[in-house]
Amino acid sequence: TQSTRPQRLLGAVQQNATRGDPRSVVKTIDQFCKHKEWAMNVGDEKGCILDSVVSELNPATVLELGTYCGYSTVRIASLLPPHARLITLEFNPHFAAVARQIIAWAGLQDKVLLVEGASGDWIPKMKEQFGVKTFDLVFLDHWKDRYLPDTKLMEECGLLRKGSVLLADNVVCPGTPDYLQYVRNSPRYNSQYFRSHLEYTKAEDGLEKSVFLG
Ligand SMILES: Cc1ncnc2c1ncn2[C@@H]1O[C@H](/C=C/CNC(=O)c2cc(-c3ccc(F)cc3)cc(O)c2O)[C@@H](O)[C@H]1O
Ligand SMILES: [Mg+2]
């Protein structure tokens, strides 16, 4: 049977990255996407911005929406303090299976909880199912038309506190116009655009960092 791109990406990690070394997993995926096949990982340029936001925030609880192959999951989890936890939501079982193996190859499975299912179904269950109070950081990188409804849902479910940070990928390309308009015009957020490029290309893209004001 034909392999899928995520399977080929996993193969590259298993052949070239050092087990237990998140940086080598990240580097291997970026090499694969630059020289073999493009894939929709946040990439190394926006990834450095992601790293700086995570390092500065030093979050105890992180939510990622849209795991895909686990590239940003590995980047974030590798920067978390020992008892911090990252919950990542992915509704495609094949992508989830690949991501689990990539997260395990990086040795980060103890910090990461990959939950299979749709964000809209799981966000309302975060408190009762996982004992989450609020999230210090949310990384949005799933279907672009879900950023706004899921943000409103997180507000309604009391999952954001004063100072919680939303970091959104692709606010320029493919673009998330309704989400941007909301966080940039709502009095409940302080929003900032970090200009960068679409992963592995010269096209413009960027990350929007929005601090919830409570
Ligand atoms: C409600 C719900 N619940 C759970 N999982 C969910 C979910 N909605 C989606 N997912 C999951 O998350 C990933 C989806 C990511 C979507 N990302 C993009 O479409 C994307 C596209 C580009 C891109 C840019 C220029 C182009 F020409 C082509 C593509 C770049 C990117 O960085 C992207 O992120 C994928 O793994 C999907 O199964
Ligand atoms: Mg993205």
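For the structure, see preceding data.
### A word on the environment of S52
(1) Moving on: Here S52 shows up in helix α3 (residues 43–57).
(2) Moving on: With relative accessibility at 39%, the residue S52 sits in the partly exposed group.
(3) Moving on: A sequence separation of 106 residues divides S52 from G158, and the C-alpha atoms of the two residues are 26 Å apart.

### Quick notes on the coordination of the magnesium ion (ligand 2)
(1) Moving on: Protein-derived coordination of the magnesium ion (ligand 2) comes from D141 (OD), D169 (OD) and N170 (OD1), at a distance range of 2.0 to 2.2 Å.
(2) Moving on: Within one chain, the residues donating to the magnesium ion (ligand 2) are spaced in sequence as D-x27-D-N. Taken together, the residues D141 in the loop between β4 (137–140) and α8 (147–156) and N170 in the loop between β5 (165–168) and α9 (171–175) connect sequence positions 29 residues apart. This pair shows no difference in class: D141 is buried, exactly as N170 is.

### Some points on α3
(1) Moving on: The first and last C-alpha atoms of α3 sit 20 Å apart over 15 residues, in line with the 21 Å expected at 1.5 Å per residue.
(2) Moving on: Buried residues of α3: G43, K46, G47, I49, L50, D51, V53 and V54, and no others.
(3) Moving on: Residues of α3 that are buried make contact with α2 (22–35), α4 (71–77), β4, β5, β6 (189–197) and β7 (204–212).
(4) Moving on: Taken from the residues just after α3, N58 is the one with a positive phi, measuring 50°.

### Observations regarding the side chain of D141
(1) Moving on: Residue D141 is classed as buried on the basis of its relative accessible area, which comes to 14%.
(2) Moving on: A distance of 3.2 Å separates the side chain of D141 from the side chain of K144, its partner in a polar contact.
(3) Moving on: In contact with D141, other than residues within four places in its own chain, are M40, L65, G66, Y147, D169 and N170.

Conventions used here
- Residues numbered from 1 in each chain as written.
- Chains lettered and ligands numbered in written order.
- Predicted model: local features only at pLDDT ≥ 70, side-chain atom pairs only at ≥ 80, totals over all residues.
- Heavy atoms only, no water.
- Helix = DSSP H or I, 4+ residues; strand = E, 2+ residues; numbered from the N terminus.
- Buried < 20%, exposed > 50% of the residue type's maximum accessible area, 1.4 Å probe, protein only.
- Donors = N, O, S within 2.8 Å, 3.2 Å for Na, K, Ca; no water.
- Expected span 1.5 Å × (residues − 1).
- Contact = heavy atoms within 4.5 Å.
- Polar contact = N/O pair within 3.5 Å; in protein donor to acceptor, adjacent residues only side chain to side chain.

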